[in-house]
Amino acid sequence: MSPVSAASLVQSLIRPEILALHGYHVPDSGGYIKLDAMENPYLVPDALREEIAAIVGNAQINRYPNPNPTSLKQKISALLNLPDDMSVLLGNGSDELIQLLAMAVNKPDAVVLSVEPSFVMYKMIATFIDMRYVGVPLAADFSLDLAAMLAAIEREQPALIFLAYPNNPTGNIFSADDVRQIIAAAPGLVVIDEAYYAFASDSFVPQLSEYPNLLVMRTFSKLGMAGLRLGFLVGSTLWLEQLEKLRLPYNVGVLPQLVAEKLLDNHDVLLAQAEQIKFDRSALYQQLAAISGLQVFASEANFLLFRVVNATDVFNGLKQRGVLIKNLNGGHPMLTDCLRVTVGAPEENQKFIAALQESLSDVGLAPDLQ
Ligand SMILES: *Cc1c(COP(=O)(O)O)cnc(C)c1O
C-alpha cells in the first residue's frame, strides 16, 4: 500500500478553483418527455436517414478524420454567403470554440466579459483556464444595460466579449443597435454567439465585413444535430488562422463530418423543422401567457423562459408527471423562480401544459385558463 492516499494527492495537486467547481450537471433524462436541453424534437425523414445509414456504413472509421474538411467548410461558407477573405473554423460543438477563443487571448490579466444571466460556459471556461471573467448584469427586462456595458468595457478593456444573440437562458434577442455600439467600443474581440440563429429574426453575419474585431459563432446543435457535436466560427481569415493553431487536429470525427455534410445538403429540411418549432413556440407562448400568476418572456429561440411562484415545486411536480424542463431557480438572482422549457413536438408541448396545470394546482396556484 502506498503511504499517500489518492484523496490527499487530489487535494494537493488539483487547482483549488477546479476543486471548488461543481461539474456541469446533466440530469438523467431516461423515460421523461425531454424539454430541458433545446434539442430539436424531430428526426429527419426516413429516406434521408437511410442515405445517412449508407454513408455511415461506408465511412472509413479506421482512418483519422480529415483534419481540414474543405467541402464541409465550403458548404457552410456558401450557406452564409461569406466573402472570400473570411473562413470557417470547425469545433466539437461551439463549446470547444469558446474554449479555444479564451485560450488564444489568455495573456496575464486578460479579461473575458459577458452579460448575466447568459450562457454559463463563458464563465465556466474562463475558470477552467484561469482567466479573469467579468459578468455585466442585464437590465431587469433582460435587455442589454448599454451604459453598464460601455462602462465595463472602458474599465476592464476586455480581450474577449461573448454575446449570445438570442440570449440563453432568457430567449430574447438584444437590440442590434446596442450590440453595434458594444462592438465599436470594444478594444478586443467580440464574438456573437448565434446558437439559435434558425429561430431568430436577425444575425450579425452580414456585419462581419464592417468590424475588424467581430466573429460570429454558430452551432448545429439546436437545429437537429446535437448528437453530432459540430459548431463553427466564421470571420476574417486573419483571426481564424491563428485560432486554427490551437484546434486539436482531429476535433471533429469522421462520422460527424460526413453526416453534417449530408444534412447541410438538406438544410431546407432542417429549416422547415425550425419553422414548425417557431410556429409551436407562439402557440406555447400564448398558452403560458394565459395562465394567471405566470409570467412568460418573449423568445426568439427554441425555448421559453417563464416565472412562477414556488418554481422548484412546480419543476418537481412536472418531473413527477414525466416532464423534464430546466429549473433556473437558485442560480442567478435575476432568474429567481424561473423555469425554461424547450419547445418540443406539439404533443409534447400539450403534455407539458397539462402537467404544468396539475403541478400549479398542487402548489395552490389554481390555473386560470382563458
Ligand atoms: C447550446 C448553446 C451553445 C453550445 O452549443 P454546442 O455547439 O452544443 O456546444 C453555445 N451557446 C449558446 C448560447 C447555447 O445556448
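Conventions we followed
Residues numbered from 1 in each chain as written. Predicted model: local features only at pLDDT ≥ 70, side-chain atom pairs only at ≥ 80, totals over all residues. Heavy atoms only, no water. Core = buried A, V, L, I, M, F, W, Y, C linked by side-chain atoms within 4.5 Å. Buried < 20%, exposed > 50% of the residue type's maximum accessible area, 1.4 Å probe, protein only. Domains from an automatic or database assignment. Contact = heavy atoms within 4.5 Å. Near = heavy atom within 4 Å. Polar contact = N/O pair within 3.5 Å; in protein donor to acceptor, adjacent residues only side chain to side chain. Areas by Shrake-Rupley, 256 points an atom, 1.4 Å probe, with all protein chains shown as cover. Helix = DSSP H or I, 4+ residues; strand = E, 2+ residues; numbered from the N terminus. Nonpolar A, V, L, I, M, F, W, Y, C, P; charged D, E, K, R; others polar. Lys, Arg positive; Asp, Glu negative; His and termini not counted. Salt bridge = Lys/Arg side-chain N within 4 Å of Asp/Glu carboxyl O. Pairing = 2+ DSSP bridges. Axes fitted to C-alpha atoms, helices over the stretch in contact; angles between N-to-C directions. Right-handed = clockwise from strand over helix to strand, strands pointing away. Phe/Tyr/Trp six-rings, centres within 6.5 Å; stacked < 30°, edge-to-face > 60°.

**Section: the nonpolar core**
Piece 1. Residues Leu163, Leu288, Phe306, Ile325, Phe352 and Leu356 are the most contacted members of the largest nonpolar core, which totals 96 residues.
Piece 2. Counting residues domain by domain, this core receives three or more from each of domain 1 (13-44 + 268-362) and domain 2 (62-265).
Piece 3. What leucine 163 contacts, discounting residues up to four positions off in sequence, is Val115, Tyr122, Leu144, Met149, Phe174, Val179, Ile182, Val191, Ile192 and Asp193.
Piece 4. In this structure, Leu97, Leu101, Phe162 and Leu233 belong to the second largest nonpolar core, which totals 27 residues.

**Considerations on the site of the ligand**
Piece 1. Surrounding the ligand, one finds 13 residues, the nearest of these being Asp193, Tyr196, Thr219, Lys222 and Arg229.
Piece 2. At 2.6 Å from an oxygen atom of the ligand is found a side-chain nitrogen or oxygen belonging to tyrosine 196.
Piece 3. Separating an oxygen atom of the ligand from a side-chain N or O atom of arginine 229 is a distance of 2.6 Å.
Piece 4. Taken by itself the ligand offers 390 Å² of open surface, and the protein chains cover 94% of this.
Piece 5. The dominant element in the shell around the ligand, judged by the number of residues it contributes, is helix α5 (residues 93-105), at three residues.
Piece 6. Among the residues making up the shell around the ligand, the classes are represented as four nonpolar, five polar and four charged.

**Points about the environment of arginine 15**
Piece 1. With respect to the secondary-structure elements, arginine 15 resides in the loop between α1 (6-13) and α2 (16-19).
Piece 2. For the pair arginine 15 and aspartate 130, spaced 115 residues apart in sequence, the C-alpha separation works out to 9.6 Å.
Piece 3. A polar contact is formed between the side chain of arginine 15 and the side chain of glutamate 17, at a distance of 3.1 Å.

**Observations concerning the side chain of aspartate 193**
Piece 1. Within the fold, aspartate 193 resides in strand β6 (residues 189-193).
Piece 2. Here aspartate 193 occupies a buried position and makes no salt bridge, while the nearest side chain of opposite charge, lysine 222, is found at 7.1 Å.
Piece 3. The contacts of aspartate 193, once residues within four sequence positions are left out, are Phe119, Tyr122, Leu163, Ala164, Tyr165, Pro166 and Met217.

**A look at the sheet that holds strand β2 (residues 86-91)**
Piece 1. Pairing is mixed across the open sheet formed by seven strands, whose spatial order is β2-β8-β7-β6-β5-β3-β4. Both edges of this open sheet fall to β2 and β4 (132-137), since each of them pairs with a single strand only. Neighbouring strand axes in the sheet, compared pairwise and without regard to direction, differ in orientation by 25 degrees on average.
Piece 2. Sheet topology places strand β3 (residues 111-116) next to strand β5 (residues 160-164); two bridges connect them, and they run parallel. Its bridge partner lying in β5, leucine 113 is registered against isoleucine 161.
Piece 3. Lying on the sheet, helix α7 (residues 146-156) is in contact with β3, β4 and β5; it crosses β4 at an angle near 160 degrees.
Piece 4. Along the sheet face, helix α9 (residues 237-244) touches β2, β6, β7 (214-219) and β8 (231-236) and points at about 135 degrees away from the line of β8.

**So, the pairing of β3**
Piece 1. Counting buried positions along β3 yields six of six residues, so the element is predominantly enclosed.
Piece 2. Pairing of β3 with β4 involves six bridges; the strand directions are parallel. When the sheet's bridge partners are listed, valine 112 is paired in β4 with tyrosine 133.
Piece 3. The parallel pair β3 and β4, bridged by helix α6 (residues 121-128), forms a crossover whose chirality is right-handed.

**Thoughts on the packing of aromatic side chains**
Two aromatic rings, taken as a pair, are described by how far apart their centres are and by the angle between their planes.
Piece 1. Taken as a whole, this structure holds eight aromatic pairs when the rule is applied.
Piece 2. Taking 4.7 Å as the distance between ring centres and 0 degrees as the angle between the ring planes, the aromatic pair formed by tyrosine 122 and phenylalanine 162 counts as stacked. With tyrosine 122 in helix α6 and phenylalanine 162 in strand β5, this residue pair connects regions lying 40 residues apart in the sequence.
Piece 3. The exposure class of phenylalanine 162 is buried, given its relative accessible area of 1%.
Piece 4. When the ring of tyrosine 196 is compared with that of phenylalanine 303, the centres are 5.3 Å apart and the planes differ by 75 degrees; the resulting orientation is edge-to-face. Here the residue tyrosine 196 occupies a position in the loop between β6 and β7, and phenylalanine 303 occupies one in strand β10 (residues 303-308), the gap between them amounting to 107 residues.

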